[in-house]
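So you can see what is in the structure, the chains are spelled out below.
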Amino acid sequence: MIEAKSCGGLVIHRGKILLLYKNYNNRYEGWVLPKGTIEEGETYEATALREVHEEAGVDGVIVEYIDKTTYSFEVPEDTVSKDVHWYLMRSESYESHPQSEEFFRDSGYYKYHEAYHLLKFENERTILERGYSIYKRLKREQKWD
């Protein structure tokens, strides 16, 4: 088994959640949260911020760690077990620019219920639920700008 680690962000601006639409040769299609692989010497936080910037063109600010998800998938040579560490982030605008080199064709900010139903993967819906509950708590406590 191959072990891999990635980091990503649940980015919120004015209550709406950033999603990316990926279409890889019409074989892999769906809305996802930005995430990617840790580079050598990089912290989890730095990876999450870099991946949000690279994949969505968004400068996020980390607010709080959300959780880790784990999933596995098959590649020709073996099975990959991947851990993804997720961070709640805020951004200062709705502007985003999907990274076409990674087959992202669209991006945007969506209301919670829209984002929940658009997300392709159950584990990302779980991160959305957990992260959004943190966001609501911080709003109630007046700790979210």
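Below is a summary of the structure that appears in this document.

Calculation notes
- Residues numbered from 1 in each chain as written.
- Predicted model: local features only at pLDDT ≥ 70, side-chain atom pairs only at ≥ 80, totals over all residues.
- Heavy atoms only, no water.
- Buried < 20%, exposed > 50% of the residue type's maximum accessible area, 1.4 Å probe, protein only.
- Helix = DSSP H or I, 4+ residues; strand = E, 2+ residues; numbered from the N terminus.
- Pairing = 2+ DSSP bridges.
- Contact = heavy atoms within 4.5 Å.
- Salt bridge = Lys/Arg side-chain N within 4 Å of Asp/Glu carboxyl O.

Remarks on the pairing of strand β2 (residues 16–24)
Step number 1: In terms of residue burial, β2 counts as a mostly covered element, since seven of its nine residues are buried.
Step number 2: In the sheet, strand β1 (residues 2–13) pairs with β2 via two bridges, with the strands oriented antiparallel. If you follow His-13 over to β2, its bridge partner there is Lys-16.
Step number 3: Counting the residues in the hairpin turn of β1 and β2 gives two residues, including Arg-14, whose phi is positive at 50°.
Step number 4: Alignment of β2 against strand β7 (residues 104–110), held across six bridges, turns out to be antiparallel. Bridge pairing links Tyr-21 to Asp-106 in β7.
Step number 5: Alignment of β2 against strand β3 (residues 28–32), held across five bridges, turns out to be antiparallel.

Looking at the environment of Ala-4
Step number 1: Tracing the chain through its elements places Ala-4 in strand β1.
Step number 2: Take Ala-4: its relative accessible area is 22%, and that puts it in the partly exposed class.
Step number 3: Along the chain, Ala-4 and Phe-121 lie 117 residues apart, while their C-alpha atoms are 18 Å from each other.
Step number 4: Setting aside anything within four residues of it in sequence, one finds Ala-4 in contact with Val-80, Ser-81, Lys-82 and Asp-83.

Overview of the pattern of salt bridges
Step number 1: Overall, the coordinates contain 12 salt bridges when judged by the stated rule.
Step number 2: Across the pair Arg-50 and Glu-39 runs a salt bridge whose closest N-O atoms are separated by 3.5 Å. With Arg-50 in helix α1 (residues 44–56) and Glu-39 in the loop between β4 (35–37) and α1, this pair connects stretches of sequence that are 11 residues apart.
Step number 3: The exposure class of Arg-50 is buried, given its relative accessible area of 15%.
Step number 4: The shortest N-O distance in the salt bridge between Glu-64 and Arg-137 comes to 3.2 Å. In this pair, Glu-64 sits in strand β5 (residues 61–75) while Arg-137 sits in helix α3 (residues 122–140), placing the two residues 73 residues apart along the sequence.
Step number 5: Residues participating in the shared-partner salt-bridge network are Glu-39, Glu-42, Arg-50, Glu-51 and Glu-54.

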